[in-house]
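Examining the three-dimensional arrangement
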Amino acid sequence: MKIYNTLTAQKEDFKPINEGKVGVYVCGPTVYNYIHIGNARPICVFDVFRRYLEFKGYETKFIQNYTDVNDKIIKQAEKENSTPEEIALKYINEYEKDAKGLNVRPADIQPKVSLYMNQIIDMIKTLVEKGFAYEVNGDVYYRTRKFEGYGKLSKQSLDDLISGARVEVNSIKEDPLDFALWKSAGADEQHWDSPWGKGRPGWHIECSAMAKDCMGDTIDIHCGGKDLVFPHHENEVAQSEASTGKTFSNYWMHNGHINIDNKKMSKSAGNFFLTRDVAEKYGYETIRYLMIQAHYRMPMNYTAELLDSCKTSLERLYNCRETLDRAISAAKNGEITDSAKETFEKRKSQFIDSMDDDLNTADGLTAVFELARELNTMSADSTVSKEQLEAGAVLFDTLTGVLGLLYNRTEQDEIPAEVKELVQKRIDARKAKDFALADTIRDQIAALGYSVKETRQGMEITKTN
RNA sequence: GGCGCUAUAGCCAAGUGGUAAGGCGUGGGUCUGCAACACCCUGAUCCCCAGUUCAAAUCUGGGUGGCGCCUCCA
């Protein structure tokens, strides 16, 4: 599999540290608010990545942290008249609801900054001892000039960074580019004890400390949004590599942004849509589909029209799968034709080729849609055997499963008895050619939140969102 | 100013030098009591200009437009 590595700025063959195993660290949310759909992108995309790695036979270890100690959380606590701890808990909880709605599997380990203070402090101590950090008035700063590779991830030299930097006000730092590892805090604020007095960890050290604790000195792949490349990930590299003397992460994957009116969506800019609000209108799965229909590194402009088309596309896949189920129950036993075997094999390898190419989900979907068309044709052909349809269904489920789609199929036993009765009445009415009554019943069913379609194999009932 | 990304049909979006996948939408048809689903047909001189090549959406150079990072941010 090829992965575009931000560090080398090219696609590279992926080689894990340990044969057959992959460790991935994804920067998780700072929990001070509900997530917006820009936040949802990496969550969905890297979940697909995880599923695909497992499909390829890798044993995966996924780490996604919660940043539950942060100035924004403290601010939000004031706003909600609460405590930072309660705010963090609340939004972790809300995050998990959204993630579940998006069919994102929880990471294997979800470390919280608040529980990693010892490791954070230890790493800062190491950096101070090695001369990569210094203390000033209870703050500790990282000495960027001391770390030779500084800028290697974001491809910027220190001097370039300085020329673009904003003017520093009352700097107590040795260099404008030095960044905080520890910041002193008053006794009345949220704080932890440290060798440098009461305070809180800086913005970047937490990920270095948690990644090391969960994964060891070197991790296979580190993921996150493009905007984290600088300074967050650059600083993580500096901290981790200076303290351990080893490569921090072999591969770096960064997803592109979601724009509104071609401008980056962000909480601070205020031009964002909350995931749950979009989900209420289009369904969570449509959001997941949205993330998959483009390559993860490309920027994406969010529009209502786009969401509409995603929802319709997704329905096409659902229709295919449901038609297939009915065809299977109506089909006779028999052989799988050679041409069908070939078709399935072709679509499978087409899918794999796409996904192997830096997780090209947009191209991977092509294989799924072409398979869908072929399966639709098979479903409509009464000479096609049950075995063949079942083989097609297995493949279809495998591919859509890797993408994490079609997780909301209507189970027949979920359908209320009331609806089932109405459906039977409609069937009777149609038999009696009482179409006016049949249509009335269809409206009644719709009012209950279900839709019925006549098909070759019988009546199909689905839940409307 | 520095670093980087990007430009493909009405919209979304792949594309590894050999004359443009897929989805949505549009229009037409088949099926159907109607509708829906499905199936078939329907659409692109690939931002511009040069160059390399037998051959360029794809490589090179130069433009133009859009975006991001350089400050917390997925």
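The structure this text deals with has already been given above.
From a predicted model like this one, the values you see are computed outputs, not experimental measurements.

A word on the sheet that holds strand S10 (residues 249-255)
If you trace the four strands from one edge of the open sheet to the other, you get S4-S3-S9-S10, paired in parallel fashion. Whereas interior strands pair on both sides, the edge strands pair on one side only; in this sheet they are strand S4 (59-64) and S10. Recorded for the sheet is a direction-independent mean angle of 20 degrees between the axes of neighbouring strands. Summarising the sheet, strand S3 (residues 21-26) and strand S9 (residues 219-225) pair through three bridges and their orientation is parallel. Bridging across to S9, tyrosine 25 finds its partner in histidine 222. Relative to S9, helix H7 (residues 229-244) is tilted by about 160 degrees, and along the sheet it contacts S9 and S10.

Observations regarding the pattern of salt bridges
One pass over the structure, following the stated rule, counts 31 salt bridges. Linking lysine 2 and aspartate 13 is a salt bridge whose minimum nitrogen-to-oxygen distance equals 3.5 Å. One end of the pair, lysine 2, is in strand S1 (residues 2-5); the other, aspartate 13, is in strand S2 (residues 10-13), with 11 residues separating them in the sequence. Overall, aspartate 13 belongs to the partly exposed group, its relative accessible area being 44%. Ionic pairing is found between aspartate 71 and arginine 200, a salt bridge with its closest N-O pair at 3.1 Å. Of this pair, aspartate 71 sits in helix H2 (residues 71-79) while arginine 200 sits in strand S8 (residues 199-201), placing them 129 residues apart in sequence. Overall, the relative accessible area of 11% leaves arginine 200 in the buried class. Each of Arg50, Glu54, Arg105 and Asp108 takes part in one network of salt bridges that share partners.

Conventions and cut-offs
Residues numbered from 1 in each chain as written. Chains lettered and ligands numbered in written order. Predicted model: local features only at pLDDT ≥ 70, side-chain atom pairs only at ≥ 80, totals over all residues. Heavy atoms only, no water. Pairing = 2+ DSSP bridges. Helix = DSSP H or I, 4+ residues; strand = E, 2+ residues; numbered from the N terminus. Axes fitted to C-alpha atoms, helices over the stretch in contact; angles between N-to-C directions. Contact = heavy atoms within 4.5 Å. Salt bridge = Lys/Arg side-chain N within 4 Å of Asp/Glu carboxyl O. Buried < 20%, exposed > 50% of the residue type's maximum accessible area, 1.4 Å probe, protein only.

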